[in-house]
Amino acid sequence: MPEAWLDSAQSYIGGSVPAVISFILKVALCIIVYLIGRKVIAWLTREFRRMMERTKMQTGAVTFSCSMLKILLYCILVLGIAMQFGVTESSVAALVASGGVAIGLAFQGGLSNLVGGFLILMFQPFHVGDYIITQGQEGTVQKIEIMYTTLLTTDTRRVIVPNGTLADNVIVNVTATDRRKLEVKVSISYEDSLETAKQVLERLILENPDVLQEEDHQVFVSELGDSGVELGLRCWVPTDRYFPVLWQMNERIKTEFDREGLHIPYPQMDVHLSSRL
């Protein structure tokens, strides 16, 4: 009896060992193929990017296309490795067909972002390098990827915005053109000279070297407010100089108004007390 048990154990081990070794070798081969495949995919993606950049294609379209190519190549690599373990094409097709609805529901937001990315590249409401405002977020477009768009704020914070959100909401492209209209409003007291204030604002427009003097500009009375007369100025400036000119104008208005004796009013309330006998 012990001899029979020993013989059966030896025969079982003798038959199993080659299968275990074969499985280990297959796993090792798949790991090697995966590592080599990663290198090949990185090289193909890099060459594809260089080829697209030589065609002068927009940076956002290049990044988006490279992301799509990378995902496709990885899917092919993983399926090829899976087939080494007995997974057939028909099994893959059946799995995709049976799980398509569940995957679609699970990744509904992701699919929305993917479609949004296609829409952004198709209609091009903005490009890499543009300054945009959307959904309370604003910044310079740093990159447009397959699912998300990255904005870089003025204080160097990165804002990641889903492409689906961008495609479904209002987008303000501040840098769509190379010039931008600047508007500044300021109030003066009712007792001050209106003509003097208008002359100061006109002079500030003419003296600023960043203002596009060939374009029309206006100095006007915007509103007769409760506390004072509101004046406004409008002029055109280069888009990349908008904020520096705005800050300079605000500072110069305060300085020149003080020099001319003009007062900028602020809300105040007069309280009259009466005593009753």
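For the structure, check the block above.
Conventions we followed
Residues numbered from 1 in each chain as written. Predicted model: local features only at pLDDT ≥ 70, side-chain atom pairs only at ≥ 80, totals over all residues. Heavy atoms only, no water. Helix = DSSP H or I, 4+ residues; strand = E, 2+ residues; numbered from the N terminus. Buried < 20%, exposed > 50% of the residue type's maximum accessible area, 1.4 Å probe, protein only. Contact = heavy atoms within 4.5 Å. Areas by Shrake-Rupley, 256 points an atom, 1.4 Å probe, with all protein chains shown as cover. 1 Å grid on protein atoms, 1.4 Å probe; cavity = no way out; pocket = protein on both sides within 12 Å on 5 of 7 lines; lining within 4 Å. Points joined across faces, edges and corners; volume = space filled by probe spheres on them. Nonpolar A, V, L, I, M, F, W, Y, C, P; charged D, E, K, R; others polar. Pairing = 2+ DSSP bridges. Axes fitted to C-alpha atoms, helices over the stretch in contact; angles between N-to-C directions. Expected span 1.5 Å × (residues − 1). Arc of directions from axis to C-beta. Patch = residues over 30% accessible without salt bridge, like charges linked within 9 Å, V, L, I, M, F, W, Y side chains within 5 Å. Salt bridge = Lys/Arg side-chain N within 4 Å of Asp/Glu carboxyl O.

(A) Spatial organisation of the overall build of the protein. A count of helical and extended segments in the protein gives seven helices and eight strands. Counting across all 277 residues of the protein, residues that qualify as buried make up 27%. Taking as baseline every contact in the protein between residues at least 6 positions apart, the subset at least 24 positions apart corresponds to 64%. Put simply, the protein shows about 18600 Å² of open surface, and 61% of that area lies on carbon and sulfur atoms.

(B) Structural context of the layout of surface pockets. Its volume calculated, the largest pocket comes out at about 190 Å³. As for the largest pocket, its lining consists of 14 residues, and the residues nearest its centre are Tyr131, Thr175, Thr239, Asp240 and Phe243. In terms of residue count, the dominant contributor to the lining of the largest pocket is helix H7 (residues 242–260) (four residues). Residues belonging to the lining of the largest pocket are distributed by class as follows: six nonpolar, five polar and three charged.

(C) Just the sheet that holds strand S6 (residues 179–188), in detail. Reading across from one edge, S6-S8-S7 is the order of the three strands in this open sheet, with antiparallel pairing throughout. A strand with exactly one partner marks an edge of an open sheet, and here the two such strands are S6 and strand S7 (218–224). On average, adjacent strands in this sheet sit at an angle of 25 degrees to one another, irrespective of strand direction. When S7 meets strand S8 (residues 229–238), the two strands line up antiparallel, connected through six bridges. Directly across from phenylalanine 220, in S8, lies its bridge partner glycine 232. Helix H6 (residues 194–207) contacts S6, S7 and S8 of the sheet and is inclined by roughly 10 degrees relative to S8.

(D) The sheet that holds strand S1 (residues 131–134), seen in detail. Here five strands make up an open sheet; going across it, the order is S4-S3-S2-S1-S5 and the pairing antiparallel. Across the chains shown, the open sheet's two edge strands, defined by having one partner strand only, are strand S4 (158–162) and strand S5 (172–173). Judged from the two bridges that link them, S1 and S5 form a sheet pairing that is antiparallel. What sits directly across from isoleucine 133, in S5, is valine 172.

(E) Up close: H6. The terminal C-alpha atoms of H6 lie 20 Å apart, and with 14 residues this matches the ideal 20 Å at 1.5 Å per residue to within 8%. Those residues of H6 that sit buried are Ala197, Val200, Leu201, Leu204 and Ile205. Take H6 and look down its axis: the buried residues cluster within an arc of 135 degrees, on one side only. Contacts made by the buried residues of H6 are with S6, S7, S8 and H7.

(F) Focus on a nonpolar patch on the surface. Taken together, Ile32, Ile36, Val40, Trp43 and Leu44 make up a surface patch of nonpolar side chains, about 450 Å² in accessible area. For tryptophan 43, the location among the structural elements is in helix H1 (residues 2–54). Taking relative accessible area as the criterion, tryptophan 43 reaches 45% and is therefore assigned partly exposed.

(G) Inspection of the pattern of salt bridges at higher detail. In this structure the tally under the stated criterion is twelve salt bridges. We note a salt bridge from glutamate 47 to arginine 50, for which the minimum N-O separation is 3.2 Å. You can see glutamate 47 and its partner arginine 50 sitting in helix H1, three residues apart, about one turn around the helix. On the accessibility criterion, glutamate 47 (29% relative accessible area) is partly exposed. Its salt-bridge partner being arginine 179, residue glutamate 215 comes within 2.8 Å of it at the nearest N-O pair. Of this pair, glutamate 215 sits in the loop between H6 and S7 while arginine 179 sits in strand S6, and the two are 36 residues apart along the sequence.

Coordinates in, geometry out; function isn't part of it.
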